[in-house]
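Commentary on secondary and tertiary structure
Below, each chain spelled out in residue letters.
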Amino acid sequence: MIYFDNNATTRVDEKVLEAMLPYLKEDYANPSSMYDFAKKPAAAIKEARGKIKDFLGANNEKEIFFTSCGSESANMAIKGTLSCNKEKKHIITTKVEHPCVLNLYKALEKDGYETDYISVNSEGELDIEELKSKIRKDTALVSVMYANNENGVINPVKEIADIVKTISPETIFFVDAVQASGKIPINVKDTQIDMLGISGHKFHAPKGVGALYVRPSVRLTPLINGGHQERGLRAGTENVPYIVGIGKAAELAMDSLDYEMKEVKRLRDKLEEGILKNVFNARLNSSVSNRVPNTSNIGFEYVEGELILLHLSDIGVCASSGSACTSGSLEPSHVLRAMGIPFTALHGSIRFSLSRFSTEKEVDYVIEKLPDIMDKITAISPYQEELMKLKQRRG
Amino acid sequence: MWEYSDKVLDHYRNPRNVGKIDDADIVGEAGSLACGDSLKLYIKLDGNIIKDAKFQTFGCGSAVASSSILTEMIIGKTLEEVKKITNKDIADALGGLPQEKMHCSVMGQEALEDALKKYYKEEDEWEELELTGSSDNHDKVICTCFNVTEGQILEAVKINGLKTVEEVTNYTKAGGACGRCKGAIKNILDEYWKNETPVELTPTQKILKISKVIDQQISPQLQKDGGDIELIDVEGNTVKVKLTGMCSGCKNASMTIKNFVESVLKDKVDSRLEVEQV
Ligand SMILES: Cc1ncc(COP(=O)(O)O)c(C=O)c1O
Ligand code: FES
Ligand SMILES: [Zn+2]
């Protein structure tokens, strides 16, 4: 099997699993307990917190809170700050956020919040001028993703933080860094980012653990009330093995960042170039260099994405699509629509996302096999004339 | 991942009768590129009998499978025979389709219908399918996002016994994008099923029924989370309630609860009910 869907989730690194196992077996104590038996899990959490602190470039372990996932991190940050800041009723985000932010904003609208959704251009780059024009003194929160899950485009979050704070120093700035972590260096130090969320399963920790960085000056109301865990901001007995897992995964990710940015990028570029060269109806949906190194989103014109995925799956290749048909929704991806991808390619857009476990052989295999699949699918298409013209145009 | 039947898998992997018939007698079309799926059905006649059929489809696995099996279903049949084929027959022939994919079978039926319509119009023998409870304007576009007409919705409702807007969306796509047309779809459904809905409850009966549902189904749920609900009044279709306990203070929770209460009441008592907090 060839797994090119690492933006959906990643495989757990063996070393991560190894680090976790003792806490699923013999070291099962509740870290809050008083006896010596609890010391090891307590120390393990502290160590993991330290690793996440380093991973995100935070100043202090106290700025790191463990959560259950990226969605929880976003909800904890956004709901937490808004309920501490009730007089301000204006919030801003982008049109291309993950549903964990977008749907939360929709829910907040029903609660009386005024929202602005900032546009992107055809390459998926955020309209910074529009953002500037929307920030007001009574803007409670700006939420911008670090990297987009579908097209991989990186937002200049450090600069955006400066812009937000220059216009309105009191406005809180949250960054959903779920798709950036493990792919590019993250460093909140020397930035004005207030909060930043990540999710373990996107960088080879298991599913079900995330983290949130919170600048000490930011006040939050907890999403989950209860015990004193996570300094009272996120109650519930700590998920020790998974916290150890995300810590270990962060450590490994820091070690392999260089590899990600050079080797994974080389493979991604090779895949991209190979497909564009071999498949006549392929077009790159975003070609900016400022993308995370593992992601490529390619539109195949006049064919439908689910059908491509089914045929890919039949030869053991996992990828994903922004097509409506795969998700059960009837509309194609909100990200691709926000980019204004032409509708000839909108329904046939496929995301390939690699990881440090991807190999050159796998890339070569996909480049080799995709033209056959596309021949099969285009042969069924009612748009033969259009396809023929495309073929001639692309040579 | 969808759970596709073996038949669906077989037909998207090895679609039958793919292509174009250059000297086709009739060509039926349905769907569009912008909407995400489209189908062209070519038919070659021998007198009254479909001698050959071919298709070209832009769409997902189940769209290809629906088109492919449709060609198998119609080859060798008379026009009178294929006139009776519905989307349900197509889905059944495929061993069923996931609910969300029923629109693919509808596309097959529509292309076939389009072909027959063109043929009989030429012969001047086309009769509209009889649709009870509908207004006179079948060509009126109800869903502009997917270009779905009232006639198409009614037909899907009739053939498949659809009762909810969500089902109509699964079968026709109408309502699946901006959602603006959902009210109109609801009206069509209400109108169609009008004769079937039980006689209107008297105000007292309604209050009693609402109160029973709240006591037996809603309140126990809320109590699990340390909250509760009190029925204050029912005015027309507006149910006024008060949230107490844990959920009372917090705005976010109360929105969720309102939505929950409303959906249960809509489901169990009357789909026109709306919940208001006092
Ligand atoms: C950008 C982004 N944010 C948030 C999430 C949600 O993360 P989780 O699945 O851990 O809740 C995802 C996952 O797909 C994501 O891609
Ligand atoms: S008009 Fe029907 S979904 Fe938009
Ligand atoms: Zn489909």
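**Here's the deal with helix α8 (residues 182-193) of chain B**
All names here are of chain B. With twelve residues, α8 extends 16 Å from end C-alpha to end C-alpha; this agrees with the ideal 16 Å at 1.5 Å per step. Looking at α8, one finds that the buried residues are I185, I188, L189, Y192 and W193. Taken around the axis of α8, the buried residues stretch over an arc of 115°, which confines them to a single face. Contacts made by the buried residues of α8 are with β4 (141-143), α6 (150-160) and α7 (165-172).

**Overview of the nonpolar core**
Membership of the largest hydrophobic core comes to 89 residues, with the highest contact counts inside it found for F300 and F352 of chain A together with I74 of chain B. Listed in part, the 60 residues of the second largest apolar core include V16, I64, L131 and V292 of chain A.

**Concerning the environment of D190 of chain B**
Residues and elements named next belong to chain B. Tracing the backbone through its elements, the reader meets D190 in helix α8. A residue is classified by how much of its surface remains accessible, and D190, at 34% relative accessible area, is partly exposed. Taking the C-alpha atoms as reference, D190 lies 23 Å from E276; in sequence the two are 86 residues apart.

**Some remarks on the sheet that holds strand β2 (residues 64-67) of chain A**
All names here are of chain A. The seven strands are arranged β2-β8-β7-β6-β5-β3-β4 in an open sheet whose pairing can be described as mixed. With partners counted over all chains shown, the strands left at the sheet margins are β2 and β4 (114-118), one partner each. Adjacent strand axes in the sheet meet at a mean angle of 20° when their direction is disregarded. Across three bridges, the pairing between strand β6 (residues 172-176) and strand β7 (residues 195-199) is parallel. Among the inter-strand pairings, D176 is bridged to a residue of β7, identified as G197. Packing of helix α2 (residues 39-56) onto the sheet brings it into contact with β2, β7 and β8 (210-214), and relative to β2 it is tilted by some 110°. Against the sheet, helix α3 (residues 70-82) makes contact with β2, β3 (90-94), β5 (139-145), β6, β7 and β8, and its axis sits at roughly 160° relative to β7, the strand it touches most.

**Overview of the pairing of β6 of chain A**
Residues and elements named next belong to chain A. Of all five residues that make up β6, five are buried, and the element is covered over most of its length. Here β6 shows a buried face lined by I172, F174 and D176 and a second buried face lined by F173 and V175. As defined by bridge partners, β5 adjoins β6 across five bridges and the pair is classed as parallel. Bridged to S143 within β6 is F174.

**Comments concerning the site of ligand 1**
Residue and element names in this part refer to chain A. Looking at ligand 1, there are 13 residues lining it, with S71, D176, Q179, S199 and K202 nearest. Note that an oxygen atom of ligand 1 is positioned 2.9 Å from one of the backbone N or O atoms of G70. Note that an oxygen atom of ligand 1 is positioned 2.6 Å from one of the side-chain N or O atoms of S71. Taken together, the residues of the shell around ligand 1 sort by class into four nonpolar, seven polar and two charged.

**Things to note about the interface of chain B and chain A**
Contacts between the two partners involve 34 residues from chain B, matched on the other side by 26 residues from chain A. The junction of chain B with chain A conceals about 2,600 Å² of combined surface from both sides, 63% of it contributed by carbon and sulfur atoms. Measuring nitrogen to oxygen at the nearest pair gives 2.7 Å for the salt bridge that ties D314 of chain A to R13 of chain B. Where chain B touches chain A, the interface holds 14 residue pairs in polar contact (both at pLDDT 80 or more). Counting only elements with at least two residues in the side of chain B that touches chain A, the list comes to α1 (6-13), β2 (37-46), β3 (49-58), α2 (61-74) and α10 (251-268) of chain B. The element that contributes the greatest number of residues to the side of chain B that touches chain A is β3 of chain B, accounting for four residues. For the side of chain B that touches chain A, the residue count by class is 16 nonpolar, twelve polar and six charged.

**Concerning the domain arrangement of chain A**
Residue and element names in this part refer to chain A. According to the domain assignment, chain A contains domain 1 (14-255) and domain 2 (258-377). Summarising the inter-unit geometry, the C-alpha centres of domain 1 and domain 2 are found 28 Å apart. Together, the buried faces of domain 1 and domain 2 total about 2,100 Å²; carbon and sulfur atoms form 55% of this surface. Looking at the side of domain 1 facing domain 2, the largest losses of area belong to E150, K183 and H204, adding up to 31% of the total buried there. Taken together, the connections running from domain 1 to domain 2 amount to zero salt bridges.

**A word on the domain arrangement of chain B**
Once the domains are mapped, chain B shows domain 1 (6-127), domain 2 (141-196) and domain 3 (203-277). Centre-to-centre separation of domain 1 of chain B and domain 3 of chain B, based on C-alpha positions: 47 Å.

Thresholds applied
- Each chain has its residues counted from 1, following the order in which its sequence is written.
- By the order in which they are written, chains take letters starting at A while ligands take numbers starting at 1.
- Restriction of local features to residues with pLDDT of at least 70 applies here, the model being predicted, together with a cutoff of 80 or more for giving and counting side-chain atom pairs; totals for whole chains, interfaces and linings are based on all residues.
- With hydrogens and water set aside, each side-chain value is computed from the structure's full complement of heavy atoms.
- Helix and strand assignments come from DSSP, with helices taken as H or I runs of at least 4 residues and strands as E runs of at least 2, each series counted from the N terminus.
- Multiplying 1.5 Å by the residue count of a helix minus one yields the expected span of that helix.
- For the exposure calls, accessible area comes from a 1.4 Å probe over protein chains only, and a residue counts as buried if that area is under 20% of its type's maximum, exposed if over 50%, partly exposed in between.
- By construction, the arc corresponds to the directions joining the helix axis to the C-beta atoms.
- Two residues qualify as a contact provided that any one of their heavy atoms is within 4.5 Å of a heavy atom in the partner residue.
- Nine residue types can take part in a nonpolar core, namely buried Ala, Val, Leu, Ile, Met, Phe, Trp, Tyr and Cys, and a core is a set of them joined through side-chain atoms within 4.5 Å.
- Paired strands, in this sense, are two strands between which DSSP finds at least two bridges.
- A fitted line through C-alpha atoms represents every axis, and for helices the fit uses only the stretch in contact; the resulting angles, taken between N-to-C directions, go from 0 to 180 degrees.
- Whether a residue is near a molecule or strand depends on its heavy atoms: if one lies within 4 Å, it is near.
- Nitrogen and oxygen atoms within 3.5 Å of one another constitute a polar contact, given that in protein one can donate a hydrogen and the other can accept it, and given that sequence-neighbouring residues count only through two side-chain atoms.
- Residues are grouped as follows: nonpolar covers Ala, Val, Leu, Ile, Met, Phe, Trp, Tyr, Cys and Pro; charged covers Asp, Glu, Lys and Arg; every other residue, Gly included, is treated as polar.
- Once two parts are put together, the accessible area they lose, assessed with a 1.4 Å probe and summed over both, is termed the buried area.
- Each salt bridge in this description consists of a side-chain nitrogen of Lys or Arg and a carboxyl oxygen of Asp or Glu lying within 4 Å of one another.
- Residue ranges labeled as domains rest on an automatic or database domain assignment.

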